[in-house]
Amino acid sequence: MSTIGKRINDIKASLPKGVTLVAVSKFHPVEALQEAYDCGQRAFGESRANELVAKASALPHDVEWHFIGHLQTNKVRSIIPHASLIHSIDSEKLLRLVDSEARRIGRTVDVLLQVHVAREETKFGFTPQELDDLAASGIIPSLGNIRVRGVMGMASNVDDETRIRQDFRDIARAFDNLRKTTGIETLDTISMGMSHDYMTAIDEGSNMVRIGTTIFGEREY
Ligand SMILES: *Cc1c(COP(=O)(O)O)cnc(C)c1O
């Protein structure tokens, strides 16, 4: 088996039942994705629209493409036909746009709302308060071509384990509030945890981890 295949199998063996692995393949060549595919991996995460679209045409059709990066409004149209889950809805405007583009081509798109809890100022997403407000506004159920499945978030980029754990806890709480406030039955996904912190994320309630470096090695930008 390939090195990439072995790493995927090792990670999968370490995940509790019910936790989905998204292999974050951004910046890696299609050959690397193909190796992962050949050992059974189907969910791949990409952070740039053009790259996702190019890779989608190079890989088999049963790949599930996850969009995990900041989504610019002028890129929405290009990814809607390919994305099986958009993790990074970070504004009401983007939510409405994804809904209208999905309606235009007659499909329903699964999305996650990105929650911003980390200390870094440049990160995108709704603060927990903004998410509460969106949930209370009644907008979500009025959008017929998106299915909100849950939340995605990242912990602060620090070494402090206590801080990281608290960030994940805050993201999971935002998910609970969203579920309580909206009563939406399709809410079932908490996407949190990357190569260096996914075990902590799972401890705090994650059921979808996004792992790149541990599978594919360092990225060359
Ligand atoms: C790049 C990226 C990941 C993967 O990070 P690794 O440290 O390589 O595992 C996960 N989530 C998001 C949103 C990313 O942009």
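Let us look at the structure shown here. Note that the structure is predicted; figures quoted are calculated from it, not measured. (Residues numbered from 1 in each chain as written. Predicted model: local features only at pLDDT ≥ 70, side-chain atom pairs only at ≥ 80, totals over all residues. Heavy atoms only, no water.)

A few words on the site of the ligand. Around the ligand, a shell composed of Val 24, Lys 26, Ile 68, Met 154, Met 194, Ser 195, Arg 210, Ile 211, Gly 212, Thr 213 and Arg 219 is seen. In the model, an oxygen atom of the ligand is placed 2.5 Å from a nitrogen or oxygen of the Thr 213 side chain. Counted by class, the shell around the ligand contains five nonpolar, three polar and three charged residues. (Near = heavy atom within 4 Å. Polar contact = N/O pair within 3.5 Å; in protein donor to acceptor, adjacent residues only side chain to side chain. Nonpolar A, V, L, I, M, F, W, Y, C, P; charged D, E, K, R; others polar.)

We now examine helix α2 (residues 30–38). Listed as buried for α2 are Ala 32, Leu 33, Ala 36 and Tyr 37. Along the axis of α2, the buried positions cluster into a sector of 145°, meaning they face one direction only. Seen from the open side of α2, the exposed residues pointing more than 90 degrees away from its buried face are Glu 31 and Asp 38. Residues of α2 that are buried in the fold lie against α1 (3–14), β2 (43–46), α3 (49–58), β3 (64–67) and α10 (213–216). Positive phi appears at Gly 40, one or two residues downstream of α2, with a value of about 105°. (Buried < 20%, exposed > 50% of the residue type's maximum accessible area, 1.4 Å probe, protein only. Helix = DSSP H or I, 4+ residues; strand = E, 2+ residues; numbered from the N terminus. Arc of directions from axis to C-beta. Contact = heavy atoms within 4.5 Å.)

All right, on to the environment of Glu 220 then. Looking at the secondary structure, you find Glu 220 in the segment after α10. Considered as a pair, Glu 220 and Lys 26 are 194 residues apart in the sequence and their alpha carbons are 9.9 Å apart.

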